[in-house]
Every structure is written in structure tokens, then in C-alpha cells.
Amino acid sequence: MELWFTEKHTEQVHFSIKVKEHLYSVKSPYQQIDFFKSDEFGTFFTLDGLIMVTEKDEFIYHDMIVHVPMAVNPSIQNVLVIGAGDGGTVRELTRYRNIKSIEMVEIDEMVVRACQKYLPLTASHLTDHRVQLFFKDGINFIKNKKDAYNLIIVDSTDPIGPGEGLFTYDFYQNCFNALTKDGILINQHESPYYERDAKQMKRAHKKIKELFPISEVYQLHIPTYPSGHWLFGFASKKYHPILDLQKEKWEQLNLKTNYYNTDLHVGCFALPTYIKEMLAHVDE
Ligand code: SAM
């Protein structure tokens with residue numbers, strides 16, 4: 001008998017992966033968690049039936065969420081990561097020796113524990129001595145923080161369920177306050193392609209644009225996400241992602257990456273016309 005995992009990308013479009021084994025299934029207080037083994041994508045896990053991370057394409061997501069801001073300001077020392085229970089974002093951050101502190105706030109401890117067991121590829125650096133784990137709601141954690149972080153990475157689920165509040169104006173305002181005067185905010189910006197995702201993308205962008213003097217969007221290709229075309233937001237009080245790129249400094253760090261490089265850094269901010277138009281008309 002063949003076993004397939006299927007995710008509805010829209011009501012009319014389904015994406016399926018042939019599964020070798022359903023490794024783990026549990027309902028946490030926040031969401032349904034499932035881990036699967038497959039030949040094509042290796043081990044992968046889903047939350048409420050949506051793919052979060054696969055062994056085969058996670059490097060794309062984690063390279064782009066971490067190395068883009070780090071190449072703009074390689075001197076970053078204090079980082080806050082919200083969500084990111086699989087540990088991939090923290091793994092990439094721990095490669096920078098000058099980073100002194102990484103606080104990771106994940107609402108669901110069961111996601112982290114399951115990733116430590118089934119996805120050591122991403123979760124194995126959560127024990128780094130610079131990492132502090134908080135099993136709390138990121139929305140409350142960040143309230144009343146001032147001038148505390150050089151970089152905040154919001155590595156969240158979609159704006160449904162526990163992740164919903166991570167796409168609100170108040171939350172982004174609190175991120176702004178929690179950042180130092182040269183601080184950078186990177187957030188999961190959804191996809192421009194299917195209508196429902198594009199709507200969320202525009203909503204998020206509108207709010208961030210109102211708050212930050214610099215607010216840009218960059219793209220990446222993730223084969224297992226709806227349409228494969230994904231966006232992250234880069235917002236900052238000081239740095240422009242291209243004009244302030246520290247190309248030589250970053251290259252001198254000699255970090256081996258499989259997706260990110262400094263040519264792509266510049267290229268990924270060059271957006272297709274239909275996305276530029278969407279971002280220019282976020283109020284509509
Ligand atoms: N790469 C993934 C993607 O975009 O599909 C997301 C990575 S990670 C698994 C997302 C994490 O955000 C989940 O583990 C979820 O529990 C966490 N999360 C959702 N809402 C949260 C909140 N309000 N505070 C902290 N963590 C939250």
C-alpha cells in the first residue's frame with residue numbers, strides 16, 4: 001500500500017509527497033504535530049497539516065533568514081528569534097562567533113522536543129551555550145522590551161492559530177521598540193502567488209512599512225511551500241539591505257553556504273513586476 005502526505009495549497013491545488021513512514025503524531029496544546037520519513041525530501045514535519053521543514057530544502061529557508069541580515073551587519077551581538085522551533089535558524093546564527101546571545105522564544109515546547117529527536121539536522125545547535133530557550137508566547141515576551149536586540153527574526157507559522165498575533169501592528173511596534181537604533185527585523189512574509197497567501201503578505205508589509213524607515217522584501221525558492229515562491233521582509237531603523245551590504249567582511253568569515261552568496265544577496269531584492277505592484281498598493 002502506498003502512503004502519501006498531501007497538503008492543500010489552495011482549494012484547487014494539492015501538493016503530495018510519497019511517505020515511507022509516519023514517524024510521530026501528537027496533538028500539543030497549540031497544534032497538531034506530525035513527522036514523516038520520505039525518499040525525496042528526507043524527514044519532514046508538519047504543523048496542522050502544513051509543511052514546516054524538510055531535510056532536503058531547509059537550507060534555503062535558513063540560509064536566507066539568517067545570512068541576509070548578518071551580511072548587512074556582521075557585528076550583530078544580541079539576537080531574538082521568535083518561533084523557529086525546528087532550530088534551523090539558531091543553527092545558522094551559532095556559526096557567527098561574535099554573536100553573544102541568542103534568545104529563542106517558541107510557544108510550543110513539544111515542537112522543539114520532537115525536532116531534537118527526529119530532526120537533529122536542524123535542532124542540534126539548540127544546546128549552544130549562547131542560546132537561551134523560552135517556551136512562551138512571543139507576542140507577550142516582546143512587550144515592554146526596549147533597545148535590547150540588534151536583530152529580531154520572526155520565524156513563525158502562518159497567520160492562523162498561535163502565529164496570528166505575530167502579524168499584527170502592535171507586535172511589529174513592539175519589535176521596533178525592542179530593537180537598538182541600528183536594529184534589523186526579518187520576518188516570514190508569506191508568498192505572493194496564491195491569493196490567500198498574497199493577501200497576508202500585503203497585510204504584513206503594510207504594517208511594517210508604516211513603522212520602519214527602511215522596509216524591503218526579498219525572495220527565495222522553497223520547493224515544498226505553496227507555489228515554491230516565498231518572501232521574507234527586511235526592515236531596519238538604519239541599514240539598507242543592498243547599500244549597506246558588507247560583502248568583503250562577510251566573505252572573510254569563510255562560512256560555507258549552499259544557497260546564500262553575496263551576489264544572490266543583491267539579486268534576491270530584485271522583485272518581479274507583479275510583486276512590486278502588489279507592494280506598492282498594499283492599502284488596496
Ligand atoms: N519554517 C517554518 C515555516 O514557515 O513553515 C516555520 C518554522 S517554525 C516550525 C514556526 C514555529 O512558530 C512553530 O514551531 C510554532 O509553534 C511557533 N509559533 C507560532 N506562534 C507562536 C507564538 N505566538 N510565539 C512563539 N512561537 C510561535
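Below is a short write-up of the structure. (Residues numbered from 1 in each chain as written. Predicted model: local features only at pLDDT ≥ 70, side-chain atom pairs only at ≥ 80, totals over all residues. Heavy atoms only, no water.)

**Section: helix H1 (residues 58-72)**
Since there are 3.6 residues in each turn of an α-helix, residues three or four apart along the chain are aligned in direction. Its 15 residues place the ends of H1 22 Å apart at the C-alpha level, agreeing with the 21 Å of an ideal helix rising 1.5 Å per residue. The sharpest bend along H1 reaches about 25° and sits at Met 64. (Helix = DSSP H or I, 4+ residues; strand = E, 2+ residues; numbered from the N terminus. Expected span 1.5 Å × (residues − 1). Bend = angle between axes of the 7 residues up to and from the residue.)

**Digging into the packing of aromatic side chains**
In the structure shown here, the tally under the stated rule is 19 aromatic pairs. Residues Phe 35 and Tyr 118 carry aromatic rings whose centres are separated by 5.3 Å and whose planes lie at 35° to one another, so their mutual orientation is tilted. With Phe 35 in strand S4 (residues 32-38) and Tyr 118 in helix H3 (residues 109-118), this residue pair connects regions lying 83 residues apart in the sequence. Like Tyr 118, Phe 35 is buried. Between the aromatic rings of Phe 171 and Tyr 172, the centroid separation amounts to 5.9 Å while the plane-to-plane angle is 55°, which identifies the pairing as tilted. Grouping residues by exposure puts Phe 171 and Tyr 172 together as buried. Taken together, Tyr 61, Tyr 218, Tyr 225, Trp 230, Phe 232, Phe 234 and Phe 269 form an aromatic cluster joined through their ring pairs. It is Lys 56 that lies over the ring of Phe 41; its NZ or CZ is 5.9 Å from the centre. The residue whose ring lies beneath Lys 237 is Phe 176, and the NZ or CZ to ring-centre distance is 4.2 Å. (Phe/Tyr/Trp six-rings, centres within 6.5 Å; stacked < 30°, edge-to-face > 60°. Buried < 20%, exposed > 50% of the residue type's maximum accessible area, 1.4 Å probe, protein only. Lys NZ or Arg CZ within 6 Å of the ring centre and 35° of its normal.)

**Some remarks on the site of the ligand**
The full set close to the ligand counts 27 residues, and Gln 31, Glu 106, Asp 137, Gly 138 and Tyr 225 are the nearest of them. Measuring from an oxygen atom of the ligand, one finds a backbone N or O atom of Ser 156 at 3.5 Å. Backbone polar atom of Pro 162 to a nitrogen atom of the ligand: 3.0 Å apart, as the coordinates give it. In isolation the ligand exposes 590 Å². Once the protein is present, 99% of that is buried. Contributing elements (two or more residues each) for the shell around the ligand: strand S5 (42-47), strand S6 (50-54) and helix H5 (138-141). Split by residue class, the shell around the ligand holds 13 nonpolar, 8 polar and 6 charged. Looking at the shell around the ligand, you find at least three residues from each of domain 1 (3-54) and domain 2 (58-280). (Near = heavy atom within 4 Å. Polar contact = N/O pair within 3.5 Å; in protein donor to acceptor, adjacent residues only side chain to side chain. Areas by Shrake-Rupley, 256 points an atom, 1.4 Å probe, with all protein chains shown as cover. Nonpolar A, V, L, I, M, F, W, Y, C, P; charged D, E, K, R; others polar. Domains from an automatic or database assignment.)

**Comments concerning the pattern of salt bridges**
Pairs can form between side chains of opposite charge once their charged atoms are near each other. Counting across every chain of the model gives 12 salt bridges. One salt bridge in this structure joins Asp 39 and Lys 20, with 3.1 Å as the shortest N-O distance. Here the residue Asp 39 occupies a position in the loop between S4 and S5, and Lys 20 occupies one in the loop between strand S2 (14-19) and strand S3 (21-27), the gap between them amounting to 19 residues. For the residue pair Asp 39 and Lys 20, the accessibility class agrees, reading exposed in each case. In this structure, the salt-bridge partner of Arg 196 is Asp 197, at a minimum N-O distance of 3.8 Å. Three or more residues joined by partner-sharing salt bridges are found here, namely Glu 58, Arg 91, Glu 92 and Arg 95. (Salt bridge = Lys/Arg side-chain N within 4 Å of Asp/Glu carboxyl O.)

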